[in-house]
Amino acid sequence: MGISQTIYFNWKKKYGGLLPDENTRLEMIVADLTLDREMLQDVIRRKL
């Protein structure tokens, strides 16, 4: 990758745990928006 092992492992130690936390947060946002979308579509279907 063009970087030393020391730099890689320092970066991994510092930032390695952020990615799973970010993925979990984004998955929750997507789930919430999907639920909102389904509810709105249900309201629209009932009005037609």
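Just above sits the structure.
Residues numbered from 1 in each chain as written. Predicted model: local features only at pLDDT ≥ 70, side-chain atom pairs only at ≥ 80, totals over all residues. Heavy atoms only, no water.

**A few points about the overall build of the protein chain**
Of the regular secondary structure elements, the protein chain holds two helices and zero strands. Summarising its shape, the C-alpha atoms of the protein chain cover approximately 65 × 20 × 5 Å along the three principal directions. The buried share among the 48 residues of the protein chain stands at 0%. Here the protein chain carries 8 positive and 7 negative side-chain charges, and the mean point of each set is 5 Å from the other. (Helix = DSSP H or I, 4+ residues; strand = E, 2+ residues; numbered from the N terminus. Buried < 20%, exposed > 50% of the residue type's maximum accessible area, 1.4 Å probe, protein only. Lys, Arg positive; Asp, Glu negative; His and termini not counted. Charge placed at Lys NZ, Arg CZ, Asp CG, Glu CD.)

**Structural notes on a nonpolar patch on the surface**
On the surface, Ile3, Ile7, Tyr8, Phe9, Trp11, Tyr15 and Leu18 cluster together to form a nonpolar patch covering roughly 710 Å² of accessible area. Broken down by element, the nonpolar patch gets its largest block of residues, five residues, from helix α1 (residues 5-15). You can see Leu18 is positioned in helix α2 (residues 18-47). (Patch = residues over 30% accessible without salt bridge, like charges linked within 9 Å, V, L, I, M, F, W, Y side chains within 5 Å. Areas by Shrake-Rupley, 256 points an atom, 1.4 Å probe, with all protein chains shown as cover. Salt bridge = Lys/Arg side-chain N within 4 Å of Asp/Glu carboxyl O.)

**As for the pattern of salt bridges**
In this structure the tally under the stated criterion is three salt bridges. One salt bridge in this structure joins Glu38 and Arg37, with 3.7 Å as the shortest N-O distance. For Glu38, a relative accessible area of 38% corresponds to the partly exposed category. Residue classification places Arg37 among the partly exposed residues on the basis of a relative accessible area of 48%. Residue Arg46 is joined to Asp42 by a salt bridge in which the shortest nitrogen-to-oxygen separation is 3.1 Å. Of this pair, Arg46 and Asp42 are both found in helix α2, four residues apart, which corresponds to roughly one turn of the helix.

Worth remembering: the numbers are spatial, not functional.
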